[in-house]
Amino acid sequence: MHPFFPRTSLGAVLALLVVGCSPAAMAQGPARDGKDARPAAKADAGPDPQLPRHFTPEETITTGSVVVARQRVDYRAITGTLVVHPKGWDDVSARLDLEDKDRDKKPGEEGKPKVTSAEASMFFAAYFKQGVAPESRPITFLFNGGPGSATFWLHMGAFGPRRVSTPGDRHMQAAPYPLVNNDESLLDVSDLVFIDAPGAGFSRIAGPDKEKAFWGVDPDAHAFADFIVAFLGKYGRWNSPKYLFGESYGTTRAAVLIRELETHRLVDFNGVVLLSQALDFGLLPDVPETEPGNDVAYELMLPTFAATAAYHHKLGTDVPQELKALVAEVEHFASTEYLLALQQGAALPEAERARIAARLHAYTGLPVEYLRRANLRITGGDFEKMLRDDGLETTGRLDTRFSGPAMDPLEKNPDYDPYTASVASAYVSGFNDYVRRELKFGNDRVFKPFADIHGHWSFEHEPPGADGPTFGTGLDVLGDLASAMKYNPNLKVLANAGYYDLATPFYECVYEMQHLPMPDRLQANIEYRFYESGHMVYAQEASRRALHDNVADFVRRTSGPLPPRR
């Protein structure tokens, strides 16, 4: 989970959820789980004291094991930080800048480090399977979204070796929260690197104009690209099969990042895995209110309305009772009769308006008169407020199976998400306990679930082929992903979505992928998987197993054969 944008402004953050070994190291046998904490041996004398650095890289090493599909995987865990800088920075210019400033210093003060530009210390938790050659072992870089979320959701909910147990569709009891062996950890097929965005988690930013340097669509992707390139070099993983895994805004980041890596850094990746994607912000469920004339978003959220209404027993017997049959029927109606009716606007005949309202009632459970007053256009917030008990109960946004008491029964949009409220404490507490107790990192530090990007994040983005950045509520990175797939026609994409996600509806995922500006033949590189779950599909046991199996199969099929020995 990770924050996703509030209904009032895309520039603010909804405060929640929505993330290589040396030969000698590989030869080491596993120690007792979590007991082998020690600082990593330094490969050199450390950072050059002449460089104007505020941060220095760090490492803590532990070992452990996880059982996946009844097979034990022994791993070496590295937690630490890497230092990255804004676009345009280089150590030569930084050194010259420092030397210029030294001329004005008093005798004895020369060479003292001074931060002359912004920089970020980016936290990571990496897991490497023991005893395996790097070139035969895929490596996956994972991140949550927000923007501005730390990557503890994917770490503790989906693929890390330990998992927070969050059963059911009700608010969890308070601590203690159970941490269990993660039977669905992805360590059975890939090494894993969970990365915290600049300013989130244990990552920090510093220096002049630090917010502008890192908190924006393009600066953020540049920082992640710098991190990945530095990581590949430091841990000897240049010749490993490589994957990105992004969730929520992390999918937005992944689209911009993979173009940066493929076309500017000249690093081919094997695959990109997207979970609960948002690539065209003009299609999100709550943007149409501010963009009259944008009717496609209403089309794309309707199947999620139907799935949700069925889950809460709000539909009659005149519609399919099986979920997949229901959403298939609603998808067809939404993309044909419903969209055509909306596009007619005020010219829609009254008889047709009445017929469409009746069909919407059948698929959503909302009153016909309410649908007519809404001009047949229901936003995500409208639906969350009206589905349950005439507004006295609020339906979840990130997972619409959840519900909770409305803070204000008369408000237009819910001011909290019952799903977020039900599980957030378990994830935050579970990660803080695990990272300090087992990974031996962060005892003297504050963990920030979200960076304080409110008022700072820039949605400016320079798309492929543009002369400069664009700005607006309609951020669109479809061209970035398409550009990467055209540059590397072997790049594969696995798109995953939950039927009960009203932050990034599953039908939006399909629409976006089918509208990538690229040759039709490259559509064969895209696969889809859907789950009976919400935004965080891994929060539901059966969906978590299916997600693991689908991603593991994707990695196995796309990682390629082992290169011949020289």
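Residue numbers run consecutively from 1 along every chain, following the written order of its sequence. Only residues with pLDDT of 70 or above have their local features reported here, since the model is predicted, and side-chain atom pairs are shown and tallied only from 80 upward, although totals for entire chains, interfaces and linings are computed over all residues. Each side-chain value is derived from all of the structure's non-hydrogen atoms; neither hydrogens nor water enter the calculation.

This brings us to the pattern of salt bridges. Each salt bridge in this description consists of a side-chain nitrogen of Lys or Arg and a carboxyl oxygen of Asp or Glu lying within 4 Å of one another. Going through the model one piece at a time under the given rule, you end up with 27 salt bridges. Among the ionic pairs, Arg265 bridges to Asp226, the shortest N-O distance being 2.8 Å. Here Arg265 is found in the loop between α6 (249-264) and β11 (271-275), whereas its partner Asp226 is found in helix α5 (residues 217-234), with 39 residues between them in sequence. With a relative accessible area of 22%, Arg265 lands in the partly exposed category. Overall, Asp226 belongs to the partly exposed group, its relative accessible area being 22%. Connected via shared salt-bridge partners are Arg162, Asp433, Arg437 and Glu438. Only DSSP runs of H or I with at least four residues qualify as helices, and only runs of E with at least two residues qualify as strands; both kinds are numbered from the N terminus onward. Exposed residues in this analysis have more than 50% of their type's maximum accessible area, buried residues have under 20%, and partly exposed residues fall in between, with area computed by a 1.4 Å probe over protein chains only.

Within the element layout of this structure, Ala362 appears in helix α9 (residues 350-364). What makes Ala362 buried here is its relative accessible area of 14%. Here, two residues are considered to be in contact whenever any of their heavy atoms come within 4.5 Å of each other. Beyond its immediate chain neighbours, meaning those up to four positions away, Ala362 contacts Leu315, Asp318 and Val319.

The step from Gly146 to Pro147 runs through a cis peptide bond, and the omega angle for that step is 0 degrees. Within the secondary structure, Pro147 sits in the loop between β5 (139-143) and α3 (152-159). The backbone of Asp209 shows a phi angle near 55 degrees, a positive value even though the residue is not glycine. Judged by relative accessible area, which is 60%, Asp209 ranks as exposed. Positioned with a positive phi, Ser248 is a non-glycine residue whose angle comes to about 60 degrees. As for its placement among the helices and strands, Ser248 is situated in the loop between β10 (242-247) and α6.

At a closest axis distance of 7 Å, the pairing of α6 and helix α13 (residues 478-487) adopts a crossing angle of 30 degrees. Between α6 and α13, the interaxial angle falls into the category roughly parallel. Regarding α6 and α13, the two cross each other, and that crossing is left-handed. Contacts between α6 and α13 pair Ala255, Val256, Ile258, Arg259, Glu262 and Thr263 from the former with Asp480, Leu481, Ser483, Ala484 and Tyr487 from the latter. Helix axes are fitted only over the stretch in contact, all axes being lines through C-alpha atoms; the angle between N-to-C directions runs from 0 to 180 degrees. Roughly parallel refers to an angle under 35 degrees, roughly antiparallel to one over 145, roughly perpendicular to one between 65 and 115, and oblique to any angle outside these ranges. Here is the rule for handedness: rotate from the far helix to the near one, and if that takes an anticlockwise turn smaller than a right angle the crossing is left-handed, while a clockwise turn gives right-handed.

This part covers α6. Expected span, for any helix, means 1.5 Å times one less than how many residues it has. Under the 1.5 Å per step criterion, the end-to-end length of α6 is 22 Å for 16 residues, consistent within 8% with the ideal 22 Å. With 15 of its 16 residues buried, α6 lies for the most part within the structure. Within two residues after α6, Leu266 carries a phi angle of roughly 60 degrees, on the positive side.

A pair of packed helices can be characterised by two numbers: the angle between their axes and the separation between those axes. Between helix α8 (residues 323-343) and α9, the shortest axis-to-axis distance is 11 Å and the interhelical angle comes to 155 degrees. If you check the angle between α8 and α9, you find them roughly antiparallel. Handedness of the α8/α9 crossing: left-handed. Across from Leu326, Glu329, Val330, Phe333, Glu337, Tyr338 and Ala341 in α8, the residues of α9 making contact are Arg355, Ile356, Arg359, Leu360 and Tyr363. For the contact of α8 with α9, the class distribution of residues is 8 nonpolar, no polar and 4 charged. Gly is put with the polar residues, along with every residue not named as nonpolar or charged; the nonpolar set is Ala, Val, Leu, Ile, Met, Phe, Trp, Tyr, Cys and Pro, and the charged set is Asp, Glu, Lys and Arg.

Time to look at the nonpolar core. Formed by 117 residues in total, the largest nonpolar core has its most connected members in Phe141, Phe159, Phe227, Phe231, Leu244 and Leu481. Broken down by element, the residue count for this core peaks at 9 residues, all from α5. If near-sequence neighbours (up to four positions away) are discounted, Phe141 is found in contact with Val193, Ile195, Ile228, Phe231, Leu232, Tyr243, Leu244, Phe245 and Phe269. By size, the runner-up hydrophobic cluster in this structure holds 30 residues, among which are Tyr338, Ile356, Leu360 and Ile378. Buried residues of nine kinds, namely Ala, Val, Leu, Ile, Met, Phe, Trp, Tyr and Cys, make up a nonpolar core once their side-chain atoms join them within 4.5 Å.

Let us now look at the packing of aromatic side chains. Each aromatic ring pair is specified by the distance between its two centres and by the angle formed by the two planes. The pairing test for Phe, Tyr and Trp rings, Trp by its six-membered ring, is centres within 6.5 Å, and the orientation test on the planes gives stacked under 30 degrees, edge-to-face over 60, and tilted for anything in between. Scanning all chains against the criterion turns up 32 aromatic pairs. Pairing Tyr75 with Tyr127 gives two aromatic rings, centres 5.3 Å apart and planes at 85 degrees, and the pair type is edge-to-face. Here Tyr75 is found in strand β3 (residues 71-84), whereas its partner Tyr127 is found in strand β4 (residues 119-129), with 52 residues between them in sequence. When its relative accessible area of 3% is taken as the criterion, Tyr75 is described as buried.

The quantity called pLDDT is the predictor's confidence in a given residue, expressed from 0 to 100. Here the protein averages 84 in pLDDT, and 79% of its residues register 70 or above. When the criterion is pLDDT under 50, residues 1-36 qualifies, and its contacts beyond four places in sequence or with other chains add up to 142 contacts. Low pLDDT, under 50, characterises residues 38-52; the predicted model gives this stretch 23 contacts beyond four residues in sequence or across chains.

Along the polypeptide, Ser483 turns up in helix α13. When neighbours within four sequence positions are excluded, Ser483 is seen to be in contact with Arg259, Thr263 and Pro464.

Taking 1.5 Å as the rise per residue, α8 with 21 residues should run 30 Å; its terminal C-alpha atoms sit 28 Å apart, in good agreement. Of all bends in α8, the biggest is about 40 degrees, found at Ala334. Among all positions of α8, only Leu323, Leu326, Val327, Val330, Phe333, Ala334, Tyr338, Leu339, Ala341 and Leu342 are buried. On its buried face, α8 is in contact with α7 (296-311), α9 and α14 (506-514). N or O atoms closer than or at 3.5 Å make up a polar contact, with two conditions inside protein: a donor-capable atom paired with an acceptor-capable one, and, for residues adjacent in sequence, both atoms drawn from side chains. Among the residues of α8, the N-terminal cap falls to Glu322, whose side-chain oxygen and the backbone nitrogen of Lys324 are separated by 3.2 Å. The quantity called bend is, for any residue, the angle between two axes fitted respectively to the seven residues ending at it and the seven beginning at it.

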